[in-house]
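Single-letter residue listing:
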Amino acid sequence: MTPGRMDQALALAPRAIRPSWRDRVVRGVTGVLAVAALVAMAIDVGFTPAALAAGSGKLATFLRAMIPPSDGGELVRILRALAETFAMAFAGTVLAAVAALPLGVFGAKSVVAQPLLHFGFRRALDIFRGVPALVWALIFVAAFGLGPFGGVLALAIADVPGLAKLYAEAIENCDEKPLEGLRSAGASPPVVLRYGLLPQVAPLMASQTLFFLESNFRNAAVLGIVGAGGIGFELEERIRIFAFDEVAFIVLLYVVCVAVLDTISQRLRARLA
């Protein structure tokens, strides 16, 4: 660095170029504490070299058993489970979008301007958003029994708070001028929403919903492991009987399906943007 550039850097950020001894001590102590915290967390969860070495042998055995992948003569059953997984994701996303739309409208500051009501409503959404879909799946499977019905409800309930928050933010960020123009022309509130608000927020909401559909297709496999049906149930069954060649086949097929769905969704979202 030339002397001139050094002078400019010193003028812009003197503490970053030539930190004081106090800054150096603080950074050093912070680094040591961060490393100590990381080591303590690793020990607490059992992530140690000994544990890693103990499991590596079994993992290598499992990987060898996956070659070559095989459908075990049950390709039709696996494809049916994949279709069931997509149906779970699609139904859960649609239910969540339908429920989240009115909640998103009421959660927008431009619709509900009262600060206390807006704050309470958004915090209530945050509370439900903190419960993962897996927990809801365990609850609904226990309540309604094994099968995709509990998985659909779990995905829907888990997605409603997140979609409602995104819908509310989309409404808050829309341009007010078309709405004001319609109001000044004497349009009724439904007409204002239909022709002033909906054309602005519909593409963004559709894009966000498609993104949740992608995520739900991946999450639905995990829900199946706890009894919600779909490809996760087939995967868990084969892991339990150590049929790792079939596990590899299911995983590879599922990865291809996820990639295809993601590609289609990305193109649709690009057109809506």
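Throughout, a residue's number is its position along its own chain's written sequence, starting from 1. In keeping with the predicted nature of the model, local features appear solely for residues at pLDDT of at least 70, side-chain atom pairs appear and are counted solely at 80 or more, and the whole-chain, interface and lining totals rest on all residues. Only hydrogens and water are set aside; all other atoms, that is, all heavy atoms of the structure, feed into the side-chain values.

Student: Any chance you could break down the pattern of salt bridges for me, citing the residues and the numbers?
Tutor: Each reported salt bridge corresponds to a side-chain nitrogen of Lys or Arg within 4 Å of a carboxyl oxygen of Asp or Glu. Counted by the stated rule, this structure contains ten salt bridges. The partner of Glu 236 in a salt bridge is Arg 240, and the shortest N-O contact between them spans 2.8 Å. With Glu 236 and Arg 240 both in helix H11 (residues 231-240) and four residues apart, the pair spans about one turn of that helix. Salt bridges sharing partners connect three or more residues here, namely Glu 74, Arg 77, Glu 234, Glu 237, Arg 238 and Glu 246. Helix and strand definitions here come from DSSP, where helices need a minimum of 4 consecutive H or I residues and strands a minimum of 2 consecutive E residues; each element is numbered from the N-terminal end.

Student: A description of the confidence of the model for the protein chain should follow, citing residues and the corresponding values.
Tutor: If pLDDT is low for a region, its predicted coordinates should not be looked at in detail. Scored between 0 and 100, pLDDT is the confidence that the predictor attaches to each residue. Per-residue pLDDT for the protein chain averages 82, and the proportion of residues at 70 or more is 91%. The weakest mean pLDDT in the protein chain belongs to helix H1 (residues 3-12) at 59; the strongest belongs to helix H5 (residues 75-107) at 89.

Student: Give me the nonpolar core: which residues, what numbers.
Tutor: To define a nonpolar core, start from buried Ala, Val, Leu, Ile, Met, Phe, Trp, Tyr and Cys residues and group those joined through side-chain atoms within 4.5 Å. Remark: exposure states derive from per-residue accessible area (1.4 Å probe, protein chains only) relative to the maximum for the residue type, with buried under 20%, exposed over 50%, and partly exposed in between. One finds Leu 163, Tyr 167, Ile 171, Leu 197 and Val 201 to be the most contacted residues of the largest nonpolar core, which totals 19 residues. Contributions of two or more residues to this core are made by H5, helix H8 (148-172) and helix H10 (189-228). Considering every element that reaches this core, the biggest residue donor is H8, with seven residues. When residues no more than four places from it in sequence are discounted, the contact partners of Leu 163 are Ala 96, Ala 97, Ala 100, Gln 208, Thr 209 and Phe 212. Ile 78, Phe 217, Ala 221 and Val 258 belong to the second-largest nonpolar core, a separate cluster that totals 15 residues. A contact between two residues is defined here by any heavy atoms of the two lying within 4.5 Å.

Student: Any chance you could break down the packing of aromatic side chains for me, citing the residues and the numbers?
Tutor: Given two aromatic rings, one states the distance between the centres and the angle between the planes to describe the pair. Any two rings among Phe, Tyr and Trp, with Trp reduced to its six-membered ring, count as a pair given centres within 6.5 Å; such a pair is stacked if its planes are under 30 degrees apart, edge-to-face if over 60, and tilted if neither. Taken as a whole and judged by the stated rule, the model has nine aromatic pairs. Both rings, one in Phe 144 and one in Phe 149, keep their centres 5.1 Å apart while their planes meet at 85 degrees; by these two values the pair is edge-to-face. Relative accessible area serves as the criterion here: at 49%, Phe 149 is assigned to the partly exposed category. Feature note: the residues Phe 86, Phe 90, Phe 217 and Tyr 254 constitute an aromatic cluster, connected by ring pairs.

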